[in-house]
Amino acid sequence: DDRLTAIYNGVGSHFKKVANPVRLNRIKEQYKLPSNFFFFLGNTDPKKNTKGVLKAFSDFNKIYPNKYRLVMLDYDEEELQKLLKSIDASEIRDLIHLTGYVPNTDLPAIINQATIFLYPSLRESFGIPILEGMACGVPVITSNTSSMPEVAGEDAALIVDPTRPLEITEAMRRLVEDKMLAKLLSEKGIERAKEFSWNTMAKNVLQLYQEVYGE
C-alpha cells in the first residue's frame, strides 16, 4: 500500500450548467429531444448494463405511463430491438429516442435538459460520465460496484445495485417524486465534480514524479 498513489481523472471544463436558452433550444431541435427525458450513456458493451436499464425503464413506465422518454446516443436500432424483445418490453420502443452520433461538445447541452442521468454500469475502471452528469447539475443514478461509489461520493448521487433493475426503477421513482432530493443531488453533484479536473490530475502526477525522483 505504501507504494500506491491514487490520482483521479478529471472532467472536461465544458461540462457545466448551460444557462443560454438559445443554445439549449438549438440542441433540442437539432437532436429532436423530447421535453421530459432520462439520459442514458450506454453502448453494446455488456458492462454498460443496457439491458438492465431498459428493464428498469420499462418497469418505471408502468408506474408513470408515457410521462418520460429515454434518450440514448448512437445506438444500433437492430441491437435495441433485440434487447427489448429479450426482456419482453418491445412496447416501450416508442419511448426511446436515439439521437444518432453526438459530438462531445454537444453533450453538455443535452445532459442539461435531462431529468435524470443514468449510469448504472456493471463495472467501470473510473466512470468519467458520472462526473459529466454531475457537473451539468443533473441528478445521477450510478452503481455500487468497482470505482463508481468512490467517484460519485457518499451523498452526491443515488447508488444502486446494477444487477437489480428494480433498484434502478426505485431510484428513478424517488427522483421524479422527490423534487427536494433531486435538487439536493444536483447541487451536491456540481460541488463533487469540482473536485476532479485534468489540471489537478496533471499537478498530482508532476508532484509524484518529483517526490519519487527528487527533482
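Residues numbered from 1 in each chain as written. Predicted model: local features only at pLDDT ≥ 70, side-chain atom pairs only at ≥ 80, totals over all residues. Heavy atoms only, no water.

J.: An account of the pairing of strand S4 (residues 116-119) is requested, with residue identities and associated values reported.
T.: Because side chains alternate across S4, one face comprises the buried residues Ile 116 and Leu 118, and the other comprises Phe 117 and Tyr 119, equally buried. As judged from the three bridges shared by strand S1 (residues 37-40) and S4, these two strands associate in the parallel manner. Counterpart to Phe 40 in the pairing with S4 is Leu 118. Taken together, the three bridges between S4 and strand S5 (residues 140-143) define a ladder with parallel strand orientation. Across the sheet, residue Phe 117 finds its bridge partner in S5, namely Val 140. For the handedness criterion, the β-α-β arrangement of S4, helix H5 (residues 128-135) and S5 is classed as right-handed. (Buried < 20%, exposed > 50% of the residue type's maximum accessible area, 1.4 Å probe, protein only. Helix = DSSP H or I, 4+ residues; strand = E, 2+ residues; numbered from the N terminus. Pairing = 2+ DSSP bridges. Right-handed = clockwise from strand over helix to strand, strands pointing away.)

J.: Go over the packing of helix H2 (residues 50-63) against helix H7 (residues 165-177) with me, naming the residues and quoting the values.
T.: Contact geometry for H2 and H7: axes closest at 8 Å, N-to-C directions at 50°. Put simply, H2 runs oblique to H7. Helix-helix and strand crossings are classified by hand; for H2 and H7 the assignment is right-handed. Residues Gly 52, Lys 55, Ala 56, Phe 57, Asp 59, Phe 60 and Ile 63 of H2 lie in contact with H7, whose contacting residues are Pro 165, Leu 166, Ile 168, Thr 169, Met 172, Arg 173 and Val 176. (Axes fitted to C-alpha atoms, helices over the stretch in contact; angles between N-to-C directions. Parallel < 35°, antiparallel > 145°, perpendicular 65-115°, else oblique. Left-handed = near helix turned anticlockwise from the far one by under 90°. Contact = heavy atoms within 4.5 Å.)

J.: Got a sec to walk through a nonpolar patch on the surface? Specific residues and values, please.
T.: Together, Tyr 209, Val 212 and Tyr 213 make up an exposed nonpolar region whose accessible area comes to about 370 Å². Following the sequence through the fold, Tyr 209 ends up in helix H9 (residues 198-213). (Patch = residues over 30% accessible without salt bridge, like charges linked within 9 Å, V, L, I, M, F, W, Y side chains within 5 Å. Areas by Shrake-Rupley, 256 points an atom, 1.4 Å probe, with all protein chains shown as cover. Salt bridge = Lys/Arg side-chain N within 4 Å of Asp/Glu carboxyl O.)

J.: Before we move on, could you go through helix H8 (residues 179-193) and cite the residues and values that matter?
T.: Taking 1.5 Å per residue as the helical rise, H8 with its 15 residues ought to reach 21 Å, and the 21 Å between its terminal C-alpha atoms agrees with that figure. Within H8 the residues assigned to the buried category are Leu 181, Ala 182, Leu 185, Ser 186, Gly 189, Arg 192 and Ala 193. The arc that holds the buried residues of H8, viewed along the axis, is 140°, so those residues lie on one side. Those residues of H8 that are exposed and angled more than 90 degrees off the buried face are Lys 179 and Met 180. Each element contacted by the buried residues of H8 is listed here: H5, helix H6 (148-152), strand S6 (158-160) and H7. Where H8 begins, the capping side chain belongs to Asp 178, and its oxygen is found 3.2 Å from the backbone nitrogen of Met 180. (Expected span 1.5 Å × (residues − 1). Arc of directions from axis to C-beta. Polar contact = N/O pair within 3.5 Å; in protein donor to acceptor, adjacent residues only side chain to side chain.)

J.: Give a description of the environment of Leu 73 that names residues and reports values.
T.: Relative to the elements of secondary structure, Leu 73 occurs in the loop between strand S2 (69-72) and helix H3 (77-86). Along the chain, Leu 73 and Tyr 213 lie 140 residues apart, while their C-alpha atoms are 44 Å from each other. Excluding its chain neighbours within four sequence positions, the residues that come into contact with Leu 73 are Phe 39, Phe 40, Leu 41, Leu 98, Thr 99, Gly 100, Val 102 and Leu 107.

J.: I'd love a proper account of the sheet that holds S4, names of residues and values included.
T.: Strand pairs in the sheet, formed through backbone hydrogen bonds, run parallel or antiparallel to each other. Taken in spatial order, the six strands of this open sheet run S3-S2-S1-S4-S5-S6, and their pairing is parallel. What marks the edges here is a single partner per strand, and that holds for strand S3 (96-98) and S6. Averaged over all adjacent pairs, the angle separating strand axes in this sheet is 25°, with direction ignored. Where H2 meets the sheet, it contacts S1, S2, S3 and S4, and its direction lies at approximately 160° from that of S2.

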